Amino acid sequence: MSESAIEIAIETTALTKRYAGLSVVRAVSIRLPQGSKTALLGANGAGKTTLLGMLTTLITPSEGEARIAGFRLADNHAAMRRRIGVLAHSPMLYEELTPLENLAFFARLYGVEDREARCEELLRLVGLWLRRHEPVAVLSRGYHQRLALARAIVHRPDVLLLDEPETGLDGEAVALLDELVLCAPGLTVLAATHRHDRIGEWAGGTVVLERGAVVEDTASRPVEPAATDEAATPEPAWSAT
Amino acid sequence: MSAPGHAIDPPRRGPRDALSALLARVYALRWDVLPPLTGVAMMAMIVGALIVAPRELIEGELQRIMYIHVPSANAFYLAFFIVFVASLLLLWTRDMRWDAVARGAATVGVLFTGLTLATGAIWGKPIWGVWWTWDARLTSTLILFLIYSGYLLARSTSDVNDEQTARFSAVYAILGFLDIPIIIMSVRWWRTLHPQPIVFRGLERPAMPMEMFVVLLTGMAAILLLTLWFIVLRTEAERLAQRTESLRAAIDRREAP
Amino acid sequence: MVGDVNAALAVVLKDLRLTWRDRAGWLSAASFAAISVLIYSFAFDLATSDVRPLLPGVLWVTFLFAGVIASGQSFQRESEQGTFDALLLAPVSPSVLYFGKVVSNLIALLVMEVALLLLATILFDTMLITAELVLIVVIGTIGYVSLTTLLSTMGSRLRSRTMLLPVLALPLLVPMLIAAVRATGASLGEPSGSAPWTLLLVVFALWSAAGAALLFPSVVER
């Protein structure tokens, strides 16, 4: 069996999520190579957040399988979560604690060794070092998002899953986002976004969802024909059923 | 019916499938078997309890309540055991049909728990002059009544297809069932602090004459069949409610812009 | 393994810091508890009659109600801020998070309970801060905090969860209440029968901790 030289960082096979019989995500199959940057597109309710939720292990799939950074999703291995960084829809921060306390807590939780140095480095990068002792509650939405971004990468993950990361960010912060994540070499990124205008700046490919199913996929790497019997090449345009 | 929530597996033939086919065939016969069997058994129980069984010396005709009271207790233990197993299966298979079973069995269980408490009170009142005597068994039964009513209450805060609430409720039902022996033991010890004469005299097996015992057994069988029949009815009703709700949601979704 | 201990410790420290920062919730629970003790004093006339037979019951009912309400509240904040998901993303098993939560709730509750014991000692002129009694309080609290932490985690989706949590938790806790009251009474010299109440308390604590820890991962799945 010939191994593909390119490692696949995110691979899903017919990943499906049903709530009360209604399919929110429908048999999604994608193969994103290591180091690739993919934009996840689709209208509201198309299933982007749910798909990302399944990849972060927060939502359990109804059917299908996935592999992330070599780990099987179904095993729900703690070690797999060590390799994943998440920037979700909501910042998920403790309002009564300071940026430093928040970041230090998550750094400790995620087992970051050089905790203090890493927190200082990230807080300086996102512009929160001078305000590190103020409770998060007094910070603006933009700064919440910056702190959430810092938290997403505090443990140096190699797969980043982002849900509309540009929300609330000003120009300077968007540049930070690009530098730290979206254009950072070596990181595999799958980001749901509505900022179609920016896709050209960072995305190497796109996956478009409509009503839970993939209707367009320019990001997935097809399976090498020699490796399997059935051709699993994703076609560029699928019918939306 | 929607397929169970497993990852896709190739179908396996073998003893497991033969067993489920057999179970399916037995289950299909339920409307032919359960009603007539239950009817006959209930008739036998009523005749036995009112006519055949001898009159008890001390408590008189009132004691005949035992033939409902004792089997009702068995009924709710069976029902709660089914809730326990269904809850475990729900957590394991993530198949919402087990949630319907759990809810059906819990409803029936609460019904029979209530019946046990009521018949216990009716039995006790003429003898003791009070409706409630803090008897160890009745007190434990009351606690179980509260636990499983709590289960139904918690489950009903969300709609019948809500998987997350179903899981929570299943966990609660499992905890409740595992708590039962501890509850019974602790309440019994609690009551030994203030020992009371035994109200329900007729329950002492060694002292029971043969006729009473036979009628009691008939009653057990009858109520057990009745319980099973009710559970099947309720489970199917719950299952239909799930399917109705999911159809309704599908229609809503289609009609939404 | 080390990562697990570190993570649990992180959760405990974070919770304690939050409890201090956001004192209002716990102070309300503690005030509620103190006021309950006073109310019981008036209702049962604990000032004049011999207080010992009633005291264990008064104390434990107060502990239970305050504890159920307080541990319910502590989780509510996590769920409101969405930080519970952030916890679940950590590279540790959910049981570790559960353990951390239980320990932090336990510490906060024990502080509250010891304060109440002090209050009751003064009010009722009965020495309540004894090694035996404190041990009973610790074991009993472990017994109930394991269950209330689990149930409060479950409550995030349930509507009317503040009312529902005591309704669900208290019937399950009856054995622990019976045992704790009798064991406390025994340590105060009250006749409590020959049943091994403290043993029952220990068994209950082990059972509830183990059961809740095993079931917790099922509860957080979605």
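Residues numbered from 1 in each chain as written. Chains lettered and ligands numbered in written order. Predicted model: local features only at pLDDT ≥ 70, side-chain atom pairs only at ≥ 80, totals over all residues.

1. Considerations on the overall build of chain A
Across its full length, chain A holds seven helices and 10 strands. Compactness check: chain A gives a C-alpha radius of gyration of 18 Å against a globular reference of 18 Å for 241 residues, within 12% of the reference. Of all 241 residues assigned to chain A, the portion counted as buried reaches 46%. (Helix = DSSP H or I, 4+ residues; strand = E, 2+ residues; numbered from the N terminus. Rg over C-alpha atoms; globule rule 2.2 N^0.38 Å. Buried ≥ 20, exposed ≤ 12 C-beta atoms within 10 Å, placed from the backbone.)

2. Let's talk about the nonpolar core
In this structure, A:L103, B:A79, B:V83, B:A102, B:A105, C:L173 and C:L201 are the most contacted members of the largest nonpolar core, which totals 201 residues. In terms of residues, this core owes the most to one element, helix α7 (residues 161-187) of chain C, which gives 14 residues. Contact partners of A:L103, with chain neighbours within four places excluded, come to A:C119, A:L122, A:L123, A:L147, A:A150, A:R151 and A:V154. (Core = buried A, V, L, I, M, F, W, Y, C linked by C-beta atoms within 7 Å. Contact = placed C-beta atoms within 7 Å.)

3. Let's talk about the interface of chain C and chain A
Across the contact, 22 residues belong to chain C and 24 residues belong to chain A. Residue assignment for the side of chain C that touches chain A shows that the elements contributing at least two residues are α1 (2-21) and α4 (83-88) of chain C. The element contributing the most residues to the side of chain C that touches chain A is α1(C), with eight residues. Residues of the side of chain C that touches chain A, tallied by class, amount to nine nonpolar, six polar and seven charged. (Nonpolar A, V, L, I, M, F, W, Y, C, P; charged D, E, K, R; others polar.)

4. A look at the sheet that holds strand β10 (residues 213-217) of chain A
All names here are of chain A. The mixed open sheet is built from six strands, whose spatial order is β6-β7-β8-β3-β9-β10. In this open sheet, the two edge strands, each paired with only one partner strand, are β6 (84-87) and β10. On average, each strand axis in the sheet is inclined to that of its neighbour by 20 degrees, with strand direction left out of account. Bridge analysis of strand β9 (residues 205-210) against β10 gives four bridges, and the strand direction is antiparallel. Note on β10: the bridge partner recorded for V207 is D217. The strands touched by helix α5 (residues 141-153) within the sheet are β6 and β7 (159-163), with β6 carrying the most contacts at an inclination of about 170 degrees. (Pairing = 2+ DSSP bridges. Axes fitted to C-alpha atoms, helices over the stretch in contact; angles between N-to-C directions.)

5. A look at the packing of helix α3 (residues 99-109) of chain A against α1(C)
At a minimum axis separation of 8 Å, α3(A) and α1(C) run at an interaxial angle of 155 degrees. As the angle between them shows, α3(A) and α1(C) are arranged roughly antiparallel. When α3(A) is examined against α1(C), the residues A:E101, A:F105, A:R108 and A:L109 are found in contact with a partner set consisting of C:N6, C:A7, C:A10, C:K14 and C:R17. Looking at the contact of α3(A) with α1(C) residue by residue, the class counts come to four nonpolar, one polar and four charged. (Parallel < 35°, antiparallel > 145°, perpendicular 65-115°, else oblique.)

6. Side note on helix α2 (residues 23-43) of chain C
Residue and element names in this part refer to chain C. In this model α2 runs 30 Å from its N-terminal to its C-terminal C-alpha over 21 residues, within 8% of the 30 Å that 1.5 Å per residue would give. Regarding α2, the residues found buried are W26, A29, A30 and A33. Down the axis of α2, the smallest arc covering the buried residues is 95 degrees, so these residues share one side. Opposite the buried face of α2, by more than 90 degrees, sit the exposed residues R23, A24, S31, I35, L38, I39, F42 and A43. Positive backbone phi, at 55 degrees, marks D45, one or two positions downstream of α2. (Expected span 1.5 Å × (residues − 1). Arc of directions from axis to C-beta.)

7. A few points about the interface of chain C and chain B
Opposite the 25 residues of chain C that make contact, chain B presents 26 residues. Those elements giving two or more residues to the side of chain C that touches chain B turn out to be α7 and α8 (197-220) of chain C. For the side of chain C that touches chain B, the element with the highest residue contribution is α7(C), accounting for nine residues.

8. Some words on unusual backbone geometry
Residue and element names in this part refer to chain A. Phi at A14 is positive, roughly 50 degrees, even though this residue is not glycine. Relative to the elements of secondary structure, A14 occurs in strand β1 (residues 8-19). A positive phi angle is found at A27, which is not glycine, with a value near 45 degrees. Relative to the helices and strands, A27 resides in strand β2 (residues 22-33).

9. Description of the confidence of the model for chain C
Detailed reading of the predicted coordinates is not advisable wherever pLDDT is low. Averaged over all residues, the pLDDT of chain C is 86; the fraction at 70 or higher stands at 94%. For this predicted complex, the interface score ipTM comes out at 0.90, alongside a pTM of 0.86. (pLDDT = per-residue confidence, 0-100.)

10. Points about the environment of C:G67
Residue and element names in this part refer to chain C. Inspection of the secondary structure puts G67 in helix α3 (residues 55-81). Overall, the presence of 27 C-beta atoms within 10 Å leaves G67 in the buried class. When sequence neighbours within four positions are dropped, the list of residues in contact with G67 reads L109, Y144, V145 and T148.

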